[in-house]
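# Summary of structural features
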Amino acid sequence: MSSTKGSNSKFLVPLIIVMALMFFWNLARNINDVLIPHLKRACQLTDFQSSLVQSAFFGAYFIVALPAGWYIQKKGYKNGMITGLIIAAIGSFLFYPAVETRIYSFFLLALFIMAAGFAVLEVTASPYITKLGNPEGASSRLSMAAAIGSVGATIAPALAAMLFLHEVDVPQETIDAFTPSQLETFLSGEADLVKPPYIILGGILVVIALIVVFTKLPTIKDEEGAGKKPLLDILKFKHTLYGVGAEFFYVGAEVGIVSFIIRYAKWFNLPELTEQKSAQYITAFMGLVLIGRLLGVYILKKFKPQHVLAFCSISAFALVTLAIVTNGYFSLTCLSIVGFFTSIIYPIIFSLSMQDLKEYTKTGSSVFLLGIVGGAIVPPLMGYISDTVGIKYSFIIPLICYVYLLFFALKGYKVNIKA
């Protein structure tokens, strides 16, 4: 009994550190949802062009995921955290020259580098958490960590709305009437609003990196002697490959919905619904994600994860359908409630995808993270549909995503190792 208590206390500090990391990278990631409409105005972009914010951010995850897995396999979890924090801080600091030049591609580069650092952190954190305690509690620990991350995700849109958006919208007609010099002054002022938050974020990431450097973290057994595992060997695990697809559609649907909530709200043309007030629906979405993940710690102990996933997928599909066929505040409320039902999808699909991987856990987690590229592909697809057909039709894409998640819950999760 005493050895169990000692083991648990040994894992407490590293769990707190990893959960703090989840808070800050979720904070940074969900600022993007408000950054999109802001840069749309500051850089005079279309819906498709503005959605490339998510492509830069989540595209970095796709490119960096496998190299991050190899790096962590060689250097261990602690070095992975430190490296990820430093890279993310560099990306944050690059917002200063991006604002000074007001070149959209420079903003995208800064986001890409920052996200590359977060990708290293995420490849490190999720498998590390699953091993900091009993295997049976892995889903619950992931759900709790995700809940902490959701606090950052909930704060982010409300904070970003206050920093980036105006209490009273500047009408496009007013902007169109500006002289060239007035327009340049206005757009430069809009871009300047982005500078302080990212400089502060970079400083915080540097401080956390220093804390990790001087903190003794437990070495997990598979760091020693697990050896390199051929990447292609992961193809033996069909459920893991299906899990990559589940991650793709889960991230794509969530990022796509929150990326276009403000634009969707403005489409209804309700005079009292400003961009700043519209951002409250993103905050509500993320707040319900937080509530769902806190409840998920209990729910995942009482019900089979695959059954919870099936229920959540069906519920999210129904709510997005309602959002498409209705209008105004009710439609936006339906989109916000989707957050509750997608709240615990990530820890479920991750833990189901990692079943029976054993020494392949690190490789599996890095391959799993490839699915996050859904966040880079779905928003631009929705943006293109919005520009060409109409924003309502763009929400058909999340519906397709939830159909796949239902498939994974019913069949795809089952362990079926190829010989």
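Residues numbered from 1 in each chain as written. Predicted model: local features only at pLDDT ≥ 70, side-chain atom pairs only at ≥ 80, totals over all residues. Heavy atoms only, no water.

## Looking at the overall build of the protein chain
A count of helices and strands for the protein chain gives 19 helices and zero strands. Within the protein chain, the proportion of its 419 residues that are buried is 58%. Intrachain contacts of the protein chain at a sequence separation of at least 6 include 85% that bridge at least 24 residues. Put simply, the protein chain shows about 17100 Å² of open surface, and 68% of that area lies on carbon and sulfur atoms. (Helix = DSSP H or I, 4+ residues; strand = E, 2+ residues; numbered from the N terminus. Buried < 20%, exposed > 50% of the residue type's maximum accessible area, 1.4 Å probe, protein only. Contact = heavy atoms within 4.5 Å. Areas by Shrake-Rupley, 256 points an atom, 1.4 Å probe, with all protein chains shown as cover.)

## Structural notes on the side chain of Glu190
Considering the arrangement of structural elements, one finds Glu190 in helix 9 (residues 180-192). Classification of Glu190 by relative accessible area gives buried; the value is 3%. Residues within four places of Glu190 in sequence aside, it is in contact with His38, Arg41, Ala42 and His166.

## Section: the packing of helix 11 (residues 238-267) against helix 19 (residues 396-412)
Their axes nearest at 9 Å, the elements helix 11 and helix 19 cross at an angle of 150 degrees. Considering the angle they form, helix 11 stands roughly antiparallel to helix 19. Read as a crossing pair, helix 11 and helix 19 show a hand that is left-handed. Counting all contacts with helix 11, which are made through His239, Tyr242, Gly243, Gly245, Ala246, Phe249, Tyr250, Ala253, Glu254 and Ile257, the residues of helix 19 involved are Pro398, Cys401, Tyr402, Tyr404, Leu405, Phe407, Phe408 and Gly412. Its residues placed into classes, the contact of helix 11 with helix 19 shows 13 nonpolar, four polar and one charged. (Axes fitted to C-alpha atoms, helices over the stretch in contact; angles between N-to-C directions. Parallel < 35°, antiparallel > 145°, perpendicular 65-115°, else oblique. Left-handed = near helix turned anticlockwise from the far one by under 90°. Nonpolar A, V, L, I, M, F, W, Y, C, P; charged D, E, K, R; others polar.)

## Brief notes about the packing of helix 11 against helix 14 (residues 328-342)
Between helix 11 and helix 14, the shortest axis-to-axis distance is 11 Å and the interhelical angle comes to 155 degrees. When the axis of helix 11 is compared with that of helix 14, the two are roughly antiparallel. Both helix 11 and helix 14 take part in a crossing whose hand is left-handed. Note on element contacts: helix 14 touches helix 11 through Ser331, Leu332, Leu335, Val338 and Thr342, opposite Tyr250, Glu254, Ile257, Ile261, Tyr264 and Ala265. Classifying every residue of the contact of helix 11 with helix 14 by side-chain character gives eight nonpolar, two polar and one charged.

## Quick notes on the nonpolar core
Judged by nonpolar contacts, the single largest core of 139 residues is most densely connected at Met114 and Phe118. A total of 17 residues in this core trace back to one element, the largest contributor, which is helix 1 (residues 2-42). Two domains each put at least three residues into this core: domain 1 (10-217) and domain 2 (231-418). (Core = buried A, V, L, I, M, F, W, Y, C linked by side-chain atoms within 4.5 Å. Domains from an automatic or database assignment.)

## Overview of the side chain of Ser55
Secondary-structure assignment places Ser55 in helix 3 (residues 52-75). On the accessibility criterion, Ser55 (17% relative accessible area) is buried. Aside from chain neighbours lying at most four places away, what touches Ser55 is Ala60, Gly375, Ala376 and Pro380.

## Things to note about unusual backbone geometry
For Gln44, which is not glycine, the phi dihedral falls at a positive 55 degrees. Under the relative-accessibility criterion, Gln44 is labelled partly exposed at 41%. A positive phi angle is found at Arg102, which is not glycine, with a value near 50 degrees. With respect to the secondary-structure elements, Arg102 resides in the loop between helix 5 (95-101) and helix 6 (104-131).

## What to know about the packing of aromatic side chains
In this structure the tally under the stated criterion is 21 aromatic pairs. Between Phe57 and Tyr61, the ring centres sit 6.0 Å apart and the planes meet at 35 degrees, which makes this aromatic pair tilted. With Phe57 and Tyr61 both in helix 3 and four residues apart, this pair spans about one turn of that helix. Judged on exposure class, the residue Phe57 and its partner Tyr61 are both buried. Here the aromatic rings of Tyr264 and Phe268 are separated by 4.8 Å at their centres, their planes lie at 50 degrees, and the arrangement is tilted. For Phe268, a relative accessible area of 13% translates into the label buried. The ring of Tyr96 has Lys195 lying over it, and the distance from NZ or CZ to the ring centre is 4.5 Å. (Phe/Tyr/Trp six-rings, centres within 6.5 Å; stacked < 30°, edge-to-face > 60°. Lys NZ or Arg CZ within 6 Å of the ring centre and 35° of its normal.)

## Describing helix 15 (residues 345-353)
The element helix 15 is largely enclosed, with a buried count of nine among its nine residues. Burial in helix 15 covers these residues: Ile345, Tyr346, Pro347, Ile348, Ile349, Phe350, Ser351, Leu352 and Ser353.

## Observations regarding the confidence of the model for the protein chain
Residues with a pLDDT of 70 or more make up 89% of the protein chain, whose mean pLDDT is 84. Contacts for the low-pLDDT stretch residues 1-7, under 50 throughout, to residues beyond four places or in other chains number zero contacts. pLDDT under 50 marks residues 223-228. Its contacts with residues more than four places away, or in other chains, come to seven contacts. (pLDDT = per-residue confidence, 0-100.)

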